[in-house]
Every structure is written in C-alpha cells, then in structure tokens.
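Architecture at a glance
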Amino acid sequence: MKQFLPLLLLLILPSTLKAQNRIAYFSYGEAMKTMPEYVAAQKNLGSLRAKYAAETKRAEEEFNSRYEDFLDGQRDFAPLILKKRQAELQDMMQKNTAFKAEAERLLAQAEQDMMVRVHQKMKETLRKIGSERGYAVILNTDGNACPYIDTAIADDITTIVKDALQ
C-alpha cells in the first residue's frame, strides 16, 4: 500500500498541475486601442504634433521668404550687409533645425509620459484577470511573438481584456 501511494500521487500530480497552470493570450495593441486613456493620449499627442508642425511650417516659410529676399537683393548689397544677411540666414537655419530636433524629443517624451498610465492600467487589468481566472501565464500575441498557440490549451482573452479596460 505504501508503494502504491507515491505512484498514485505521480499520476494525479500532472493533471492537477495542468489545471492550475492555465495559459491565456491576447492582442496587447488591439486591447490598448479600446482604452479611453489611450484614445485621450493619442488625441493629446496629435494636438501637440499639430502645434509643433504648424510652428515648423511657419518658421520654414519665414526662412524661405527671407532667403528669396536675400537672393533678389544680393547683387545690390554692400559687402558688410551681404555678410550680415548671410549670417542671419545661417542663424535662422540653425535655430529651425534645433527647434525641429527639440520638438521631436519633446514629442517622444510626451508620448512616453502619457503611455505610462495606459501601460500601468493594462498591467493591473491583466493581473486582475489572471488572478480571477487562474492563469499562470498571459501571452501577448502582437509582433509575431507567438507564431503558434494551441487553442485547446490556451484561452483567447482579448475580448475579456478589452471589456475590462473600458
């Protein structure tokens, strides 16, 4: 009897472990796009992008106008005025280039800052779903990270996650 008990445990243990270690999968990107916080962040980023683009366009138009004026009058300028105007144009070009680079940096930082809350909410939601439904692992199927998932073993929880995030 004592020899039979370990054998019985070895036969029962894998089935109980399999029941406890359930696996789920979902599309992170698809679920994220349904979040009100994500939609608001994208709207805010779009607005900020538009403002920077408008300022960049205004600066480029101002530069182009001054450059055309320079080209039209360069034959008539005295050497000192010609050098001054060239220096002004170079300064404008450098400032415009610096502005574009800084705008790109600020946009990237703003996106990162706005998305922190979105990702945090996603993590909390996944923890809650995983805990409530007894999942040991929840996989993200985006980016071809999981080219094959056996649907007999793993559950697609994309809809559950999307509903929980709204």
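Structure's up top.
Residues numbered from 1 in each chain as written. Predicted model: local features only at pLDDT ≥ 70, side-chain atom pairs only at ≥ 80, totals over all residues. Heavy atoms only, no water.

1. With respect to the overall build of the chain
Filter applied, for reference: A run of H or I in DSSP counts as a helix once it spans at least four residues, and a run of E counts as a strand once it spans at least two, with each numbered from the N terminus. Remark: exposure states derive from per-residue accessible area (1.4 Å probe, protein chains only) relative to the maximum for the residue type, with buried under 20%, exposed over 50%, and partly exposed in between. In what follows, a contact means two residues having at least one pair of non-hydrogen atoms within 4.5 Å. Shrake-Rupley sampling with a 1.4 Å probe provides the accessible areas, and residues are treated as covered by the protein chains on show and by no other component.
A count of helices and strands for the chain gives 5 helices and 3 strands. When the helices and strands of the chain are listed from N to C terminus, the series reads α-β-α-α-α-β-β-α. A buried classification covers 24% of the 166 residues belonging to the chain. Partitioning the intrachain contacts of the chain with sequence separation of at least 6 by distance along the chain shows that 83% fall at a separation of at least 24. By element, 57% of the accessible surface of the chain is carried by carbon and sulfur atoms, the whole surface being about 12,000 Å².

2. Quick look at the packing of aromatic side chains
Defined as follows: The aromatic pairing rule takes the rings of Phe, Tyr and Trp, using the six-membered ring of Trp, and pairs them if the centres are within 6.5 Å, calling planes under 30 degrees apart stacked, those over 60 edge-to-face and the rest tilted.
Within the structure shown, the criterion is met by 5 aromatic pairs. Relative to Phe 99, the ring of Tyr 52 has its centre 6.1 Å away and its plane inclined at 65°; by these criteria the two rings are edge-to-face. Taken as a pair, Tyr 52 in helix α3 (residues 36–73) and Phe 99 in helix α4 (residues 79–133) lie far apart in primary sequence, 47 residues in all. Since its relative accessible area comes to 29%, Phe 99 is described here as partly exposed. Ring geometry for Phe 63 versus Tyr 67: centroids 6.1 Å apart, planes at 10°, classification stacked.

3. Quick word on the environment of Lys 121
By secondary structure assignment, the location of Lys 121 is in helix α4. Discounting residues that sit within four places of it in the chain, Lys 121 has contacts with Met 35, Glu 37 and Leu 165.

4. With respect to the sheet that holds strand β1 (residues 22–26)
Counted only if it meets this: Here, strands pair whenever DSSP counts at least two bridges between them. Between the N-to-C directions of two axes lies an angle of 0 to 180 degrees, each axis being a line fitted to C-alpha atoms and, for a helix, fitted only over the stretch in contact.
Sheet architecture is open: 3 strands sit in the order β2-β1-β3, paired in parallel fashion. The open sheet has two edge strands, β2 (135–140) and β3 (154–156), and neither has a second partner. Strand-to-strand twist of the sheet, defined as the mean angle between neighbouring strand axes without regard to direction, takes the value 25°. As judged from the 5 bridges shared by β1 and β2, these two strands associate in the parallel manner.

5. Observations regarding the nonpolar core
Grouped burial of nonpolar side chains is what soluble globular proteins tend to show. For clarity, the cut-off: Remark: nonpolar core denotes a set of buried residues (Ala, Val, Leu, Ile, Met, Phe, Trp, Tyr, Cys) joined through side-chain atoms within 4.5 Å.
Grouped together as the largest cluster of nonpolar side chains are 20 residues, with contacts concentrated most on Phe 26, Met 32, Met 35, Met 122, Ile 157 and Val 161. At 7 residues, the largest contribution of residues to this core is made by α4. Those residues in contact with Met 122 that sit more than four places away from it in its chain are Phe 26, Tyr 28, Ala 31, Met 32, Met 35, Val 161 and Leu 165.

6. Brief notes about the side chain of Ser 27
Basically, it comes down to this: Under this definition, polar contacts are N or O atom pairs within 3.5 Å; protein pairs additionally need one hydrogen-donor-capable and one acceptor-capable atom, and for neighbouring residues in sequence, both atoms have to be side-chain atoms.
Mapped onto the elements, Ser 27 comes out in the loop between β1 and α2 (28–32). Side-chain polar atoms of Ser 27 contact the side chain of Asp 142, separated by 2.7 Å. Ignoring any residue separated from it by four or fewer positions in sequence, one finds Ser 27 in contact with Asn 140, Thr 141, Asp 142 and Thr 158.

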